[in-house]
Amino acid sequence: MSDDHMNALPPGYEFEGYRIERVLGAGGFGITYLATEIAIDRQVAIKEYLPISIAGRNQADHTVVPVSAQDAGDFKWGLDRFRKEAATLVAFRHPNIVSVLRFFEALGTSYLVMEYEVGESLEAVLRREQTIGEDRLRAIVMPLLDGLEQVHDKGFLHRDIKPDNIYLRQDGSPVLLDFGATREAL
């Protein structure tokens, strides 16, 4: 495990019917894992709320705890926001927005279980190809805009749309990932 993932759950760890396989990515507010839903042998992505600036993992029991008493209020506020966003995203369905299958609380924090999408990020495509044509760009952007319109209609903003969060499935269809930066519109 790299230093970037020193707070990650270990591969093989099982909880709530899931087995952690590996880290898919980590950011300032959480870690996303590839996991297996054990009962049906289905791969899923699990996003864990773990803001590294104010919380860490207790290595003895794997719980997530605020770094200090001063950080406890901010951690709780962020956790409440994560819960509220999860409640909206679990009920939301669009073919070009990652599907959130379940939300649960465990180990002192919260988790979103999402469909695991097979393909590659638009970021990776752009690095490899340097540029893409207008027709292909439209085929990517237009379905995403349709999905975002529905997200906005529910009162939420994504706030982190970038090539790394746009995933192209094996059939070429786009899906917008990582709603970790989603915020309720005021």
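Note that the structure is a prediction, hence the values are computed from the model and not measured. (Residues numbered from 1 in each chain as written. Predicted model: local features only at pLDDT ≥ 70, side-chain atom pairs only at ≥ 80, totals over all residues. Heavy atoms only, no water.)

**Notes on the environment of valine 125**
Looking at where valine 125 falls in the secondary structure, it is placed in helix 2 (residues 122-129). For valine 125, a relative accessible area of 1% gives the class buried. Spatially, the C-alpha atoms of valine 125 and methionine 6 are 29 Å apart, while their sequence positions differ by 119 residues. Residues contacting valine 125, with those up to four places away along its chain left out, are Glu120, Gln130, Ile132, Arg136 and Leu168. (Helix = DSSP H or I, 4+ residues; strand = E, 2+ residues; numbered from the N terminus. Buried < 20%, exposed > 50% of the residue type's maximum accessible area, 1.4 Å probe, protein only. Contact = heavy atoms within 4.5 Å.)

**Side note on the pattern of salt bridges**
The tally for this structure, following the rule as stated, stands at 14 salt bridges. The partner of arginine 19 in a salt bridge is glutamate 21, with the nearest N and O atoms 3.1 Å apart. Here arginine 83 makes a salt bridge to glutamate 105, at a shortest N to O gap of 2.5 Å. Placement of arginine 83 in helix 1 (residues 69-91) and of glutamate 105 in strand 7 (residues 100-106) is noted, with a sequence separation of 22 residues between them. On the basis of relative accessibility, which here comes to 43%, the residue glutamate 105 falls in the partly exposed class. (Salt bridge = Lys/Arg side-chain N within 4 Å of Asp/Glu carboxyl O.)

**Re helix 1**
Helix length check: helix 1 (23 residues) gives 34 Å between terminal C-alpha atoms against 33 Å at 1.5 Å per residue, within 8%. Turning to helix 1, its buried residues are Asp71, Phe75, Gly78, Leu79, Phe82, Glu85, Ala86 and Leu89. (Expected span 1.5 Å × (residues − 1).)

**Thoughts on the sheet that holds strand 9 (residues 119-121)**
If you trace the 3 strands from one edge of the open sheet to the other, you get 9-11-12, paired in antiparallel fashion. At either margin of the open sheet sits one strand with a lone partner, and together these are strand 9 and strand 12 (174-176). Pairwise comparison of adjacent strand axes, ignoring direction, gives a mean angle of 30 degrees for this sheet. Across the face of the sheet, helix 2 comes into contact with strand 9 and strand 11 (166-169) while running at roughly 75 degrees to strand 9. Lying on the sheet, helix 3 (residues 134-153) is in contact with strand 11 and strand 12; it crosses strand 12 at an angle near 40 degrees. (Pairing = 2+ DSSP bridges. Axes fitted to C-alpha atoms, helices over the stretch in contact; angles between N-to-C directions.)

**Remarks on the packing of aromatic side chains**
For any pair of aromatic rings, geometry is given as the distance between the ring centres together with the angle between the planes. In the structure shown here, the tally under the stated rule is 7 aromatic pairs. With 5.6 Å between their ring centres and 40 degrees between their planes, tyrosine 49 and phenylalanine 82 make a pair best called tilted. Of this pair, tyrosine 49 sits in strand 4 (residues 42-49) while phenylalanine 82 sits in helix 1; the two residues are 33 residues apart in sequence, bridging distant segments of the chain. Summarising the aromatic geometry, the rings of phenylalanine 104 and tyrosine 111 are spaced 5.1 Å apart at their centres and angled 15 degrees between planes, so their arrangement reads as stacked. Here phenylalanine 104 falls in the buried class, since its relative accessible area comes to 4%. Using a relative accessible area of 0% as the deciding quantity, one classes tyrosine 111 as buried. These aromatic residues form a ring-pair network of at least three members: Tyr13, Phe15, Tyr18, Phe104 and Tyr111. (Phe/Tyr/Trp six-rings, centres within 6.5 Å; stacked < 30°, edge-to-face > 60°.)

**Brief notes about the confidence of the model for the protein**
Interpretation of the predicted coordinates at a detailed level should be avoided for regions scoring low in pLDDT. Scored by pLDDT, the protein has a mean of 88; 94% of the residues are at 70 or more. Across the protein, the element-wise mean pLDDT spans from 42 in strand 13 (residues 183-184) up to 97 in strand 1 (residues 14-15). In the predicted structure, residues 181-186 sits below a pLDDT of 50 and forms 21 contacts with residues beyond four places in sequence or in another chain. (pLDDT = per-residue confidence, 0-100.)

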